[in-house]
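If you want the building blocks of each chain, they are given just below.
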Amino acid sequence: MVERLRKKGAVIAIVIIVPIMLLVSIVGSVTSQISAVLVGGEEEGSIGGDSTITVSLNISPDVERYRELVLAEAKKHGMEAYINLFLAVIMQESGGQGGDIFQASESLGLPPNTLDTAGSIEQGVKYLSGMITKAGVTSPEDLEHIRLALQGYNFGGGYIDYAMKNGGKWTQENTFGYAKEKSGGVRNTGSRAEQLGPCHYGDQYYTDHVLRYYQRGDQEEESVAAGEAAKVALEGRLDWLFPDGVPSSPNEMQKYLTQITVPIINKNGKAATMILTVHKKLAEEIKKVFEDMKRAGFKIKPEETAGYNWRTMASNSSKVSHHSYGCVVDVNWTSNGASYTSWGYHPGEDEYSVTKKIVNIWKRHGFYWGGDWSTAYFDPMHFTYTNH
């Protein structure tokens, strides 16, 4: 799309996300459900009875609520297979906030934010569908051509023609080249250059900005049978989880994550389910843990139970928490208050506080308990595969 539209979308995303991420890093593990949404992963819980909220791994609830509306529009163009790509674009453009969630008004020659939500979905899906077709995208896994389509959505279809004449595909170099031509040589400086690229035209990093939210079908990974994880020696567990090296960013972490549906007894005492995001190698093990907790009659508060969350440690903001590696689960945190919180821990009195029986279930499956740590850092909500 045209320059003003793209710049506005990038600014909106930054304004929405950055302040909340700063807040989350301060609060720590007790807010893991919030921060997971902002960094590309999220935790979701049952809402009573047998209901389950099912969402994409990388999409926030504010965007996820538009899935069915966007899907219906995508079907009109034969593009339903690309639903997660459409939602990833919304994540980048607006985070699901405001009316013009696709930031699509200017593609119709209208002033910014003229379209309401329905009009934005109609035009945004139509415009991106056109770019997908023009770029020759063959499937949701065809990242080479998806990159071309996304930059076309940002710059306009003329970029695709330019790229085909300059390397035959999307490259960061021809993205800079096109932006330089369109900017007339005007350059960005400071934080604007870091966020949008060196030239004063659109978002030259748009493809990477969108793809951090994109969940592809080929990202499904093989699972490991329950019982195998516990056999791995503690000192070798990070190497087992990450044979290619420990990820240093949430983007690098995405390929190791999966969503699992686990059974629970909810606050009403009824059988229900919730969804957790965890490391794929621990998926089957964690399912078994929740099955055992359900059999034990232990109630789970899904809004206070979470796994993956890319963040720093609550006790040391200079180090990455192992929540970031999808190998830790916090359970019913306000009833299992750590020493760094004001919440209590009253097993036997509070039905949501973990008892020795529940702790032993986790230990049988190879997890360590934060309640075994020092008095100064007592963390009974915390069950960790790496004892970290």
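What counts as what
- Residues numbered from 1 in each chain as written.
- Predicted model: local features only at pLDDT ≥ 70, side-chain atom pairs only at ≥ 80, totals over all residues.
- Heavy atoms only, no water.
- Core = buried A, V, L, I, M, F, W, Y, C linked by side-chain atoms within 4.5 Å.
- Buried < 20%, exposed > 50% of the residue type's maximum accessible area, 1.4 Å probe, protein only.
- Helix = DSSP H or I, 4+ residues; strand = E, 2+ residues; numbered from the N terminus.
- Contact = heavy atoms within 4.5 Å.
- pLDDT = per-residue confidence, 0-100.
- Pairing = 2+ DSSP bridges.

1. Regarding the nonpolar core
- Among the nonpolar cores identified, the biggest contains 48 residues, and Val70, Phe86, Phe102, Ile132, Leu150 and Tyr159 are the most heavily contacted of them.
- Elements with a minimum of two residues in this core: α4 (67–76), α5 (83–93), α6 (117–135), α7 (143–155), α8 (158–165), α9 (172–183) and α11 (206–211).
- Here this core takes eight residues from α5, the largest share from any one element.
- Leave out the neighbours within four places in its chain, and Leu150 touches Leu85, Val89, Leu128, Tyr206, Thr207, Val210 and Leu211.
- Tyr256, Ala283, Tyr325 and Val329 belong to the second largest nonpolar core, which has 38 residues in total.

2. Looking at the confidence of the model for the protein chain
- Summing up the model confidence of the protein chain, the mean pLDDT is 83 and the portion of residues at 70 or higher is 83%.
- The low-confidence segment residues 1–56 (pLDDT under 50) makes 153 contacts with residues lying over four places distant or belonging to another chain.

3. Quick look at the pairing of strand β1 (residues 257–265)
- Judged by how many residues are buried, β1 sits mostly within the fold: seven of nine residues are covered.
- Sheet analysis places β1 next to strand β2 (residues 271–279), joined by nine bridges and oriented antiparallel. When the sheet's bridge partners are listed, Ile264 is paired in β2 with Ala272.
- What sits between the antiparallel neighbours β1 and β2 is a turn of five residues, in which Gly269 has the positive phi angle 80°.

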